[in-house]
Amino acid sequence: MRFGVVVFPGTWSDCDFHYVVSEVLHQPVRYVWHRERELGQLDCVILPGGFSYGDYLRAGAVAGRSPVVEALRDFVGRGGLVLGSCNGFQILCEAGLLPGVLTRNECLQYRCQSTHLVVENVDTPFTRGLRAGQVLTMPISHGEGKYYADAETLARLKQQNLIVFRYASADGKVTKASNPNGSLDNIAGIVNPEGTVLGMMPHPERASETAMGGTDGLLMFQSLLGTLVEDGTFLKR
Amino acid sequence: MTGAEPKVTLDLALDAGLTAEEYDRILSQLGREPTYAELGLFSALWSEHCAYKHSRVFLARLPQRGPHVLQGPGENAGAIDIGDGWAVVFKIESHNHPSFIEPFQGAATGVGGILRDIFTMGARPIAILDSLRFGELDNPKTLRLVNGVVSGISWYGNCFGCPTVGGEIAFAPEYAGNPLVNVMCVGLVRADQIVRARADGPGNPVFYVGNKTGRDGIHGATMASATFDGHAEERRPTVQVGDPFTEKLLLEACLEVMRTGAVVGLQDMGAAGLACCTAEMPARSGTGMDVELSRVPQRETGMTPYEILLSESQERMLLVAARGREEEVRRIFARWELEAVEIGRVTEGGELTARLNGEVVARVPVDLLAEAPKYRKPTTELSELAERRAFDPLTLPEPRDYGDALIGLLGSPTIASKEWAFRQYDQQVGINTVILPGSDAAVLRVKGTRRALAVSTDGNGRHVFLDPRQGAAMAVCEAARNVCCSGAEPRGVTDCMNFGSPERPEILWQFSEAIEGISLACRALELPVVGGNVSFYNETSGQAILPTPIIGVVGVLDDASLRATQWFKGPGHRVALLGPASVSLGGSEYLWARHRRLAGRLASLDFEVERRVQRAVRAAVSAGLVTAAHDCSEGGVAVALAESCVTGRAVMGCEATLVTTDRTDLALFGEGPSRVVIAVEAARAREFEGLMAESAIPWRWIGTTGGERLVIRVGPQMVVDVDAGQLGRAWRSGFEGHMA
């Protein structure tokens, strides 16, 4: 599977995603510069974390209107897969590729901590190797991760099963105490109706090696790779 | 020469922070009166902050060489060889004065400055550690300072994308008027690709790169070279304003341009900005520099040569490129949307010539600027010390309930959990942090190798106040011991010396003694000091801080998978106490937290025992025998045991028996160097005993992990029996409770 990792001025999780894809998953990967308009033969484009363009105006606002994101619209139209994590999720929302917005954390402080995520939707290429209700452990690191959408959008997200991850307790209960940033309905990650564009605040690349304290993030990448397995063996749950 | 600026007089020179003798020296060396711009150059470069006028004669005593040293003091940062072709570049620096005036920007630009020191060497920053000192938390002003400093560090480090992995925060009333913000940064570079702050090769082009120059931060260096009176806030315009986004671009552009080989030298425009770079870079190379100030990118109009030279606007560098490769430099900076403007050339002849629209505004020998006068001012021992040391803490009443006393200590803000601060810092970006903040040392793997780096900072102002020489030596030992507790071998030291005014003999005595202590400890442990920083004048209205040398130690783990953390991992593990029995309540956290006294003598320090204990801990960790290792520091062995019980993911109880001493509180809370608590799986206890026998150190088994309570006996007597969960809650809320 051919991966591209987008680099905006101010992106900082680019090297981490690149490392996991190339050194842990042993998949081909290249950096995609923010001015590129041609995504070529890539299968999956990753929008990493960071402070693209300094997050001036609003987090992800400038990047959401950059040349590479324009190219991303065509790429998505052709069925390409997009994973936006942290700032990448903010960019996808700002670009309108996903609904809703990410606002300042309710505590008004940056939060870097381990979180538990309950998996709600396993019908996406990113999660099809997981069980519904499975609890993943992954860190977050952001100041603006409080997901918000209007009532109509939220109803649609629920009705179409587009909420992929919600912050939960270690045993999978969705509680106020387990919500690190005040996100609406504990939403940590959502997907487009086609299931091809996933945005999430947590960092799967920081939970992809035992040395880093956990491998739950790797399950997402393995799900992705599994989607390419022709006989579908990986997909059986 | 320009006539647009004021004529220089002795009064003007005095206003600029120079002394009458220094001004005379300038007159005689130049053979004329300096121009206003030249006066600016001297006032900045001869400031204490830039020139270490009062400290250099003492600093020369520090050991600076060693088999692994690739770069010692005198460059942007020091560098140590760690094997596999890699070097670690590191340095600690203070930003105390600006952080008191404007805590958010002061701390933020402190982070920005030290990051630049690391990446100008060609290294990618991989870790930040912050050593912070504040007044006590019952003062609302302190709460504002803590909030501002922590959010400033968080804002800059997180946006830039370098993880904050360690450091400490401590509180004492002596820091109320002068908080300390010391930031250490660690970076990685290929050992053969270190870039230095040199201006070699006359004819080579000099580039100004990065942010535009404004009027912010002018006189920052001179501000940091004076004490505060009651009106420190009025100096807010001397504090710079940071832009971590631009710094991130500058990092990527600098590393990219250095990979091309087109860079001859690079220096951060930090304190004293362009003035400092244009003097220091040629001075290191025996060259000169000729620069045209009108070409310097400016964000304000009408800036004078004086202002352009002395601005401390952030995120700027001076880059000397190889002649003929100018286009490569321009192209790379343009790609990162940064300014890269050729402002001059390296010259022969050893003079700095600054021009404005062709007209010479300053022409000074760079050696004269770079070699400020050195002073050896008188030192006197603090008169009250003898009395303070003579005090015997054992004349104070013992607590009625030792369990309560322990809970109280764990909840004291200095000892309590600092998670409130650390969760505001990105700790993992770069995916290297294999031991997160919260253990004795943070550990970062070196990708592509089996190795890892362990880093720790330490410094106890009370110990140093009571006994500057031994207190400072103990700080070196403790920072090194912290690194050993992770399993790493200490390789190098950086020090940040925070003191009051060196013009007071008592303060200079503290400084001189502390340097001697650091020097002795570093020699005993064979640790070179490869860089650091001196911050004097930390006093307000005559009240100086506790003398606070902060010691940063970097160590190397040859096998990153053999590492240890401080918390107990499971029940049934045997617990050992390594190190000497000698402890003291003098200068202890217990004596302060419970009795509000700063007095007594420190326990003795034996370098040979320290060295052996450190070696034994490393040997045990690298043999895979250790399930937890934790240094005994503030609060003594009782607090160390309690921390091992409560700082892990799950709380774990422990039963331990300590040897009887003069008093129970001394046995529990007495502090002394060279002591480490270690947990070993019962099945491997024999192996551990064998290793300890070879180590020739004092040690004994003191207990076993398990259950839900921490039970401590002193001799036959049970003195502590508390629920570990309760200890955990006290530890978690002791600091955070004040901040929430």
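Residues numbered from 1 in each chain as written. Chains lettered and ligands numbered in written order. Predicted model: local features only at pLDDT ≥ 70, side-chain atom pairs only at ≥ 80, totals over all residues. Heavy atoms only, no water.

Participant: Please clarify how the overall build of chain B should be interpreted in this entry.
Facilitator: Along chain B, the regular secondary structure elements total 26 helices and 28 strands. For a compact globule of 740 residues, the expected C-alpha radius of gyration is about 27 Å, and chain B comes in at 26 Å, within 12% of that figure. Expressed along its principal axes, the backbone C-alpha trace of chain B runs to roughly 85 × 55 × 45 Å. Looking at chain B residue by residue over its 740 residues, the buried ones come to 67%. Restricting the contact set of chain B to residue pairs at least 6 apart, pairs at least 24 apart contribute 84%. For chain B, the exposed area adds up to about 23,900 Å²; of that, 47% sits on carbon and sulfur atoms. Counting 73 positive and 91 negative side-chain charges, chain B places the averaged centre of each group 4 Å from the other. (Helix = DSSP H or I, 4+ residues; strand = E, 2+ residues; numbered from the N terminus. Rg over C-alpha atoms; globule rule 2.2 N^0.38 Å. Buried < 20%, exposed > 50% of the residue type's maximum accessible area, 1.4 Å probe, protein only. Contact = heavy atoms within 4.5 Å. Areas by Shrake-Rupley, 256 points an atom, 1.4 Å probe, with all protein chains shown as cover. Lys, Arg positive; Asp, Glu negative; His and termini not counted. Charge placed at Lys NZ, Arg CZ, Asp CG, Glu CD.)

Participant: Help me understand the sheet that holds strand S17 (residues 489–498) of chain B in this model?
Facilitator: Two strands in a sheet stick together by hydrogen bonds in their backbones, pointing the same way (parallel) or opposite ways (antiparallel). All names here are of chain B. Pairing in this open sheet of 6 strands is mixed, and the strands run S14-S15-S16-S21-S17-S18 from one edge to the other. Because the sheet does not close on itself, it has two edges, and the strands there are strand S14 (433–435) and strand S18 (529–535). The sheet shows a mean angle of 25° between the axes of neighbouring strands, taken without regard to direction. Relative to strand S15 (residues 442–445), S14 is paired through 2 bridges, and the arrangement is antiparallel. Among the inter-strand pairings, Ile435 is bridged to a residue of S15, identified as Val443. (Pairing = 2+ DSSP bridges. Axes fitted to C-alpha atoms, helices over the stretch in contact; angles between N-to-C directions.)

Participant: How should I be thinking about the sheet that holds strand S6 (residues 111–119) of chain A in this particular structure?
Facilitator: All names here are of chain A. On the basis of which strands lie adjacent, the open sheet formed by 9 strands has the order S2-S1-S3-S4-S11-S10-S9-S6-S7 and mixed pairing. Single-partner strands in this sheet number two, and they are strand S2 (29–33) and strand S7 (135–142). Going across the sheet, the axis of each strand differs from the next one's by a mean of 25°, ignoring polarity. Bridge count for S6 against S7 is 8 bridges, and the pairing is antiparallel. Residue pairing across strands places Val118 opposite Val135, the latter belonging to S7. Sitting on the sheet, helix H5 (residues 216–226) touches strand S1 (3–7), strand S3 (44–47), strand S4 (81–85), S7, strand S9 (163–168) and strand S11 (197–200), and the angle it makes with S7 is about 105°.

Participant: Help me out: how do you make sense of the nonpolar core in this one?
Facilitator: Burial of nonpolar side chains together is a common tendency in soluble globular proteins. Residues Phe165 of chain A together with Leu319, Phe333 and Phe511 of chain B are the most contacted members of the largest nonpolar core, which totals 187 residues. Discounting chain neighbours no more than four positions away, the residues touching Phe333 of chain B are Val209, Leu250, Ala253, Cys254, Val257, Leu319, Leu338, Glu339 and Ala340 of chain B. (Core = buried A, V, L, I, M, F, W, Y, C linked by side-chain atoms within 4.5 Å.)

Participant: Looking at this model, I keep getting lost on the packing of aromatic side chains. Mind explaining?
Facilitator: Each pair of aromatic rings is reported with the distance of its centres and the angle of its planes. If you walk through the whole model with that rule in mind, you get 22 aromatic pairs over all chains. Each ring, one from Phe8 of chain A and one from Tyr53 of chain A, has its centre 6.1 Å from the other, and the planes form 55°; the classification is tilted. With Phe8 of chain A in the loop between S1 and helix H1 (14–24) and Tyr53 of chain A in the loop between S3 and helix H2 (67–77), the pair connects residues that are 45 residues apart, well separated along the chain. Taken as a pair, Phe8 of chain A and Tyr53 of chain A share a single burial class, namely buried. A ring pair is formed by Tyr56 of chain A and Phe245 of chain B, whose centres lie 5.9 Å apart and whose planes are at 85°; its orientation type is edge-to-face. Here Phe245 of chain B lies in helix H10 (residues 244–259) and Tyr56 of chain A lies in the loop between S3 and H2, a pairing that spans two chains. We classify Tyr56 of chain A as partly exposed; its relative accessible area is 44%. Judged by its relative accessible area of 12%, Phe245 of chain B is buried. By the ring-pair criterion, three or more aromatic residues cluster together here, those being Phe58, Phe499, Phe511 and Phe536 of chain B. A cation over an aromatic ring shows up here: Lys447 of chain B above the ring of Tyr19 of chain A, its NZ or CZ 5.0 Å from the ring centre. (Phe/Tyr/Trp six-rings, centres within 6.5 Å; stacked < 30°, edge-to-face > 60°. Lys NZ or Arg CZ within 6 Å of the ring centre and 35° of its normal.)

Participant: What am I meant to see in the interface of chain A and chain B here?
Facilitator: How big an interface is tends to be expressed through the accessible area that disappears when the partners come together. Each side of the interface is counted separately: chain A has 25 residues, and chain B has 28 residues. For the chain A face of the interface with chain B, the top three residues by lost area are Trp33, Cys112 and Met212 of chain A, together amounting to 24%. Applying the counting criterion to the chain A and chain B interface returns 3 salt bridges. The partner of Arg206 of chain A in a salt bridge is Asp426 of chain B, and the shortest N-O contact between them spans 2.9 Å. Where chain A packs against chain B, one counts 10 residue pairs in polar contact (both at pLDDT 80 or more). (Buried area = accessible area lost by both parts, 1.4 Å probe. Salt bridge = Lys/Arg side-chain N within 4 Å of Asp/Glu carboxyl O. Polar contact = N/O pair within 3.5 Å; in protein donor to acceptor, adjacent residues only side chain to side chain.)

The analysis is restricted to geometry; functional conclusions fall outside its scope.
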